[in-house]
Amino acid sequence: MSSAPPEVLVHPDADVLAAATAARLLTRLVDLQSHRSPLHVVLTGGTVGVAALRAVAVSPVRDAVDWSGVHLWWGDERFLPAGDPDRNETQAREALIDALGDALPPGNVHPVPALSDDVPDGATAARRYAAELRAHATGDGLAPRFDVLLLGMGPDGHVASLFPGRSALYETHLLVVAEHDSPKPPPDRVSLTFPLLQSAREVWVVAAGTEKAPAVARALAGDDVGTTPAAAAHGTERTLWLVDVAAASSLPGAPRDGSGPAAGAAEGLRPRTASGADGAWAAVDAYVAPLVAEPAAAAAVRTAAADAGLPDIAVSAAQGRLLELLARASGARRVLEIGTLGGYSTWWLAQAVGATGTVLTLELSDAHATVARASLAAAGLTDRVEVRVGPATDSLDRLVADGTEPFDLVFVDADKQQLADYLDRAVALARPGTVVVVDNVVRGGAVVEADHPDDRVQGVRAFVERATGDGRLLGTVVQTVGEKGYDGFALLLVR
Ligand SMILES: O=C(O)[C@H](O)[C@@H](O)[C@H](O)[C@H](O)COP(=O)(O)O
């Protein structure tokens, strides 16, 4: 989970930005190679992204990198025939890869499949790329753990080929998707989705030019992803915004006269970000961490999920402790969880039920369940936790049909589009006094927007309306801020 707020480094102009990004990337690769190999770097198209590759090619530091231990991927691609000058791959080969020659083994370069007879459409290319990513994943993961992921950003705030208002922004299962009638030509593109982009250790967003300034400011202020996709660009360990003075000119504290930092310097501006004023929310989470005292066993579950490339959408340690406390306070012995992911929240709930209690957790993805089962087994929780794979509504309907003994606490942290249905079934599997906790129901405040394009927001609104109208429930919504940004959870008691 990204604990650090984004860092913003401002450069005098686009040329210096490209050169500095190149120097930063080379230095980072050299440093990382002393710790691990291979490294996985995700390239971006766009003016600055390609200019940075050209600067890498001519840098004296270039040969300090052992390129045989570096794999290159793309965050997105224009779906065109191989060799088309507009393809990001073509431009990257001309800018850097060709210059590296034999130093970079061909097998280390992973382009998105090009349009061809064998790959007639973007969906095929997306499937093939997902397979290529999985073939290079670590362990049971779905993709390699990216070390540095570069993203350019458009004036509309798009990153990769994830554009405002498009459904691909909210994709939570597929790691690679095809985009059609893209607002930025060419119309057909292939793009990594946010779950994969956000699994990268470091995400570097590069942007230059006055036309980018409004989107840079919106993104760093924590705008909704549907409006400004770049707002969701963050890494699990570090998020860097590498911009020039012009692109930073709408940030709080930016020099209005474009004076900017001294030539060649890069200066940090402390933006107000989704993690609160100047990162205060994340800082408070860090300050209270000793109180939460995340056990090493819990951290191991979290790390295993990140290393397996699972999306960074699990609860925070503070939120995990809250779940445990709610379960303990209610004396829960039988807990139902909808949405396992890597088992992190499951671990906390399992602490609460104790050795004689049970947690049944439902997960759609077999791959996620595999990671969770391994982590929970490593934590010695196999006796009290069952991970059941399949569509949650099917599993829930079977539990209802079987007349399953009521659960004492239900935690819902799954696809938001079906929350209202999950609530109905949770109540059917409850008793008077059962506690129901539903996560992510505030969504940066988007929940109040009746015409919001995000169908997860619409799912949450339907859930709130369903809960409001159900006389069996006593409930509230607690808004939260912290390292996971501004969100909240519903707390319901079955009467
Ligand atoms: O395929 C692409 O076009 C890029 O991947 C795209 O996301 C690009 O990075 C931005 O649109 C910024 O492009 P500019 O830097 O040229 O504005």
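Note that the structure is a prediction, hence the values are computed from the model and not measured.

Quick notes on the rules
- Residues numbered from 1 in each chain as written.
- Predicted model: local features only at pLDDT ≥ 70, side-chain atom pairs only at ≥ 80, totals over all residues.
- Heavy atoms only, no water.
- Helix = DSSP H or I, 4+ residues; strand = E, 2+ residues; numbered from the N terminus.
- Buried < 20%, exposed > 50% of the residue type's maximum accessible area, 1.4 Å probe, protein only.
- Lys, Arg positive; Asp, Glu negative; His and termini not counted.
- Salt bridge = Lys/Arg side-chain N within 4 Å of Asp/Glu carboxyl O.
- Polar contact = N/O pair within 3.5 Å; in protein donor to acceptor, adjacent residues only side chain to side chain.
- Contact = heavy atoms within 4.5 Å.
- Near = heavy atom within 4 Å.
- Areas by Shrake-Rupley, 256 points an atom, 1.4 Å probe, with all protein chains shown as cover.
- Axes fitted to C-alpha atoms, helices over the stretch in contact; angles between N-to-C directions.
- Parallel < 35°, antiparallel > 145°, perpendicular 65-115°, else oblique.
- Left-handed = near helix turned anticlockwise from the far one by under 90°.
- Nonpolar A, V, L, I, M, F, W, Y, C, P; charged D, E, K, R; others polar.
- Pairing = 2+ DSSP bridges.
- 1 Å grid on protein atoms, 1.4 Å probe; cavity = no way out; pocket = protein on both sides within 12 Å on 5 of 7 lines; lining within 4 Å.
- Points joined across faces, edges and corners; volume = space filled by probe spheres on them.
- Right-handed = clockwise from strand over helix to strand, strands pointing away.

Some thoughts on the side chain of Arg461
Part 1 of the reasoning: Note that Arg461 resides in helix 14 (residues 455–468).
Part 2 of the reasoning: Buried and without a salt bridge, Arg461 has Glu465 as its closest oppositely charged side chain, separated by 4.1 Å.
Part 3 of the reasoning: At 2.8 Å, the side chain of Arg461 and the backbone oxygen of Val447 are in polar contact.
Part 4 of the reasoning: Dropping the residues within four chain positions of it, Arg461 is found in contact with Val447, Val448, Glu449 and Ala450.

Overview of the site of the ligand
Part 1 of the reasoning: Around the ligand lies a shell of 16 residues, among which Thr47, Asp76, Arg78, His158 and Lys212 are the nearest.
Part 2 of the reasoning: Take Arg189: an N or O atom from its side chain is 3.0 Å from an oxygen atom of the ligand.
Part 3 of the reasoning: One of the side-chain N or O atoms of Lys212 is found 2.7 Å from an oxygen atom in the ligand.
Part 4 of the reasoning: Compared with its free state, where it exposes 420 Å², the ligand has 92% of that area covered by protein.
Part 5 of the reasoning: Secondary-structure elements contributing two or more residues to the shell around the ligand are helix 2 (47–57) and strand 4 (76–78).

Some points on the environment of Pro186
Part 1 of the reasoning: Along the chain, Pro186 falls in the loop between strand 6 (176–179) and strand 7 (189–192).
Part 2 of the reasoning: Along the backbone, Pro186 and Arg87 are 99 residues apart, and their C-alpha atoms lie at a distance of 9.5 Å.
Part 3 of the reasoning: In this structure Pro186 touches Arg78 and Leu80, once residues within four positions along its chain are discounted.

Brief notes about the packing of helix 8 (residues 296–307) against helix 10 (residues 344–353)
Part 1 of the reasoning: Two elements in contact, helix 8 and helix 10, have axes whose closest approach is 8 Å; the angle formed by their N-to-C orientations is 155°. Taken as axis vectors, helix 8 and helix 10 run roughly antiparallel relative to one another. When you trace helix 8 past helix 10, the crossing you get is right-handed. For the pair helix 8 and helix 10, the contacting residues are Ala297, Ala298, Val301 and Arg302 in the first and Tyr344, Trp347 and Trp348 in the second.
Part 2 of the reasoning: In the contact of helix 8 with helix 10, the residues fall into 6 nonpolar, no polar and 1 charged.

A closer look at the environment of Val119
Part 1 of the reasoning: Within the element layout of this structure, Val119 appears in the loop between helix 3 (88–100) and helix 4 (122–135).
Part 2 of the reasoning: Residue Val119 is classed as buried on the basis of its relative accessible area, which comes to 5%.
Part 3 of the reasoning: For the pair formed by Val119 and Phe79, sequence separation is 40 residues and the distance between their alpha carbons is 9.9 Å.
Part 4 of the reasoning: Apart from residues no more than four positions distant in its own chain, Val119 is found in contact with Phe79, Pro113, Ala114, Thr124, Ala125 and Arg128.

Considering the sheet that holds strand 4
Strand pairs in the sheet, formed through backbone hydrogen bonds, run parallel or antiparallel to each other.
Part 1 of the reasoning: The antiparallel open sheet is built from 3 strands, whose spatial order is 4-7-6. The open sheet terminates on both sides in strands that have one partner only, identified here as strand 4 and strand 6. Sheet twist, expressed as the mean angle between neighbouring strand axes with direction ignored, is 15°.
Part 2 of the reasoning: As paired strands, strand 4 and strand 7 are joined by 3 bridges and run antiparallel to one another. Bridge pairing in strand 7 places Arg78 opposite Arg189.
Part 3 of the reasoning: Running over the sheet, helix 4 touches strand 6 and strand 7 and is turned about 160° from strand 6.

Section: the layout of surface pockets
Part 1 of the reasoning: Its volume calculated, the second largest pocket comes out at about 380 Å³.
Part 2 of the reasoning: Every residue lining the second largest pocket is counted, 17 residues in all, and those nearest its centre are Ala130, Leu142, His173, Leu174 and Leu175.
Part 3 of the reasoning: When contributions to the lining of the second largest pocket are tallied by element, the ones reaching two or more residues are helix 4, strand 6 and helix 11 (366–378).
Part 4 of the reasoning: Here the lining of the second largest pocket takes 5 residues from helix 4, the largest share from any one element.
Part 5 of the reasoning: Looking at the lining of the second largest pocket residue by residue, the classes come out as 11 nonpolar, 4 polar and 2 charged.

Brief notes about the pairing of strand 12 (residues 358–363)
Part 1 of the reasoning: Taken across its 6 residues, strand 12 has 5 buried, putting it largely inside the fold.
Part 2 of the reasoning: Taken together, the 5 bridges between strand 11 (residues 334–338) and strand 12 define a ladder with parallel strand orientation. Following the sheet pairing, Ile338 is matched in strand 12 by Leu362.
Part 3 of the reasoning: Note that the unit made of strand 11, helix 10 and strand 12 has a crossover that is right-handed.
Part 4 of the reasoning: Sheet topology note: the strand 12/strand 13 (residues 385–389) ladder contains 5 bridges and is parallel. Across the sheet, the residue bridging to Val359 is Val385, located in strand 13.

Here's the deal with the pattern of salt bridges
Part 1 of the reasoning: Tallied over the full model, the rule gives 24 salt bridges.
Part 2 of the reasoning: In this structure, Glu89 engages Arg87 in a salt bridge whose closest nitrogen and oxygen atoms are separated by 2.8 Å.
Part 3 of the reasoning: On the basis of relative accessible area, Glu89 is assigned to the buried category, the value being 11%.
Part 4 of the reasoning: The exposure class of Arg87 is buried, given its relative accessible area of 1%.
Part 5 of the reasoning: For Arg166, the salt bridge is made with Asp181, and the minimal N-O distance between the two is 3.2 Å. In this pair, Arg166 sits in the loop between strand 5 (148–152) and strand 6 while Asp181 sits in the loop between strand 6 and strand 7, placing the two residues 15 residues apart along the sequence.
Part 6 of the reasoning: Relative accessible area serves as the criterion here: at 21%, Arg166 is assigned to the partly exposed category.
Part 7 of the reasoning: A single network of salt bridges, built from pairs that share partners, joins Arg36, Asp147, Arg201 and Glu237.

Side note on helix 6 (residues 213–220)
Part 1 of the reasoning: The buried fraction of helix 6 is high, at 6 of 8 residues.
Part 2 of the reasoning: Residues of helix 6 that are buried include every one of Ala213, Ala215, Val216, Ala217, Ala219 and Leu220, and no others.
Part 3 of the reasoning: The secondary structure elements touched by the buried residues of helix 6 are strand 1 (7–11), strand 8 (202–207) and strand 9 (238–244).
Part 4 of the reasoning: Count one or two residues on from helix 6 and you reach Gly222, which has phi positive near 85°.

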